[in-house]
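For reference, the chains in residue letters:
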Amino acid sequence: ATNLFNEYYDYKHGLDKVDSEGISGSIVKGNLSPKEVMNGALVLYALAFVLGIILTFMTSIYVLLVGLVCMFAGYFYPIAYSPFGEVVSGFFMGTIIIALSFYFQTGYVNTDIVVVSLP
């Protein structure tokens, strides 16, 4: 979903060009419409929310709170247009994902796993 939001806002801000490398530029290349990209992101968010509710019932309400913060950060990922984009991305797609995965498997998070997740 975050990649789709990023794709949508890159298009809206005029950052994607027809000759953009990689998967970016799917809207300007005519592969997808802006509406399809946004709808895809929203469907993925709905699925993530449902799965997050299931995980919350299996673990703790804190999982839901962390998940909602992550969803908020994912939607506003176009923070990548700022100098803080890489730091925010690294934190959420590194430390938070690793800590949540560890928590689901062990039932706790310790400082060791946070330190290991930082690089």
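Look a little higher up for the structure.
So, a few notes on the structure that sits alongside this text. Per chain, residue numbering runs from 1 following the sequence as it is written. Confidence filtering applies because this is a predicted model: local features only for residues at pLDDT of at least 70, side-chain atom pairs given and counted only at 80 or more, and all residues used for totals across whole chains, interfaces and linings. Excluding hydrogens and water, the side-chain figures rest on all heavy atoms present in the structure.

Numbering of helices and strands starts at the N terminus; helices are DSSP runs of H or I of at least 4 residues and strands are runs of E of at least 2. Every helix has an expected span of 1.5 Å times one less than the residues it contains. Counted at 1.5 Å a residue, the expected span for helix H2 (residues 34-58) with its 25 residues is 36 Å, and the 36 Å between its end C-alpha atoms agrees. Note on contacts: a residue pair qualifies if any of its non-hydrogen atoms lie within 4.5 Å across the two residues. Considering only its buried residues, H2 is in contact with helix H1 (2-12) and helix H3 (61-75).

With that settled, the discussion passes to the nonpolar core. Across soluble globular proteins, you tend to see nonpolar side chains buried next to one another. Put simply, buried Ala, Val, Leu, Ile, Met, Phe, Trp, Tyr and Cys residues joined by side-chain atoms within 4.5 Å make one nonpolar core. Per-residue accessibility, obtained with a 1.4 Å probe over protein chains only, is compared with the maximum for each type, and a residue is labelled buried under 20%, exposed over 50%, and partly exposed between these values. Of all hydrophobic cores here, the largest spans nine residues; its members are Phe5, Tyr8, Tyr9, Ile27, Val37, Met38, Ala41, Tyr45 and Met71. Contributions of two or more residues to this core are made by H1 and H2. Among the elements that line this core, the one with the most residues is H2, at four residues. If we skip the residues at most four places from it in the chain, methionine 38 touches Phe5, Tyr8 and Tyr9.

Here we take up the packing of aromatic side chains. In summary, the pairing rule links any two rings of Phe, Tyr or Trp, Trp by its six-membered ring, whose centres are within 6.5 Å, and it sorts them by plane angle into stacked for under 30 degrees, edge-to-face for over 60 and tilted for everything else. Counted under the stated rule, the structure contains nine aromatic pairs. Ring geometry for phenylalanine 102 versus tyrosine 108: centroids 5.4 Å apart, planes at 90°, classification edge-to-face. Residue classification places tyrosine 108 among the partly exposed residues on the basis of a relative accessible area of 44%. An aromatic cluster is defined as three or more aromatic residues linked by ring pairs; in this entry it consists of Phe5, Tyr8, Tyr9, Tyr45, Phe72, Tyr75 and Phe76.

Quick look at the packing of H1 against H2 now. Between H1 and H2, whose axes approach to 8 Å, the crossing angle comes to 155°. Considered as vectors, H1 and H2 are oriented roughly antiparallel to each other. Judged by the twist between their axes, the crossing of H1 over H2 is left-handed. Judged by residue contacts, Thr2, Leu4, Phe5, Glu7, Tyr8, Tyr9 and Tyr11 of H1 engage Pro34, Val37, Met38, Gly40, Ala41, Leu42, Leu44 and Tyr45 from H2. Amino acids outside the nonpolar list (Ala, Val, Leu, Ile, Met, Phe, Trp, Tyr, Cys, Pro) and the charged list (Asp, Glu, Lys, Arg) are all regarded as polar, and Gly is one of them. Residues of the contact of H1 with H2, tallied by class, amount to twelve nonpolar, two polar and one charged. With axes taken as lines fitted to C-alpha atoms, and helix axes fitted only over the stretch in contact, angles between N-to-C directions fall between 0 and 180 degrees. Here the word oblique covers every angle except those under 35 degrees (roughly parallel), over 145 (roughly antiparallel) and from 65 to 115 (roughly perpendicular). Here is the rule for handedness: rotate from the far helix to the near one, and if that takes an anticlockwise turn smaller than a right angle the crossing is left-handed, while a clockwise turn gives right-handed.

Mapped onto the elements of the fold, serine 26 is located in the loop between H1 and H2. The contact partners of serine 26, leaving out residues within four places of it in the chain, are Glu7, Asn31 and Leu32.

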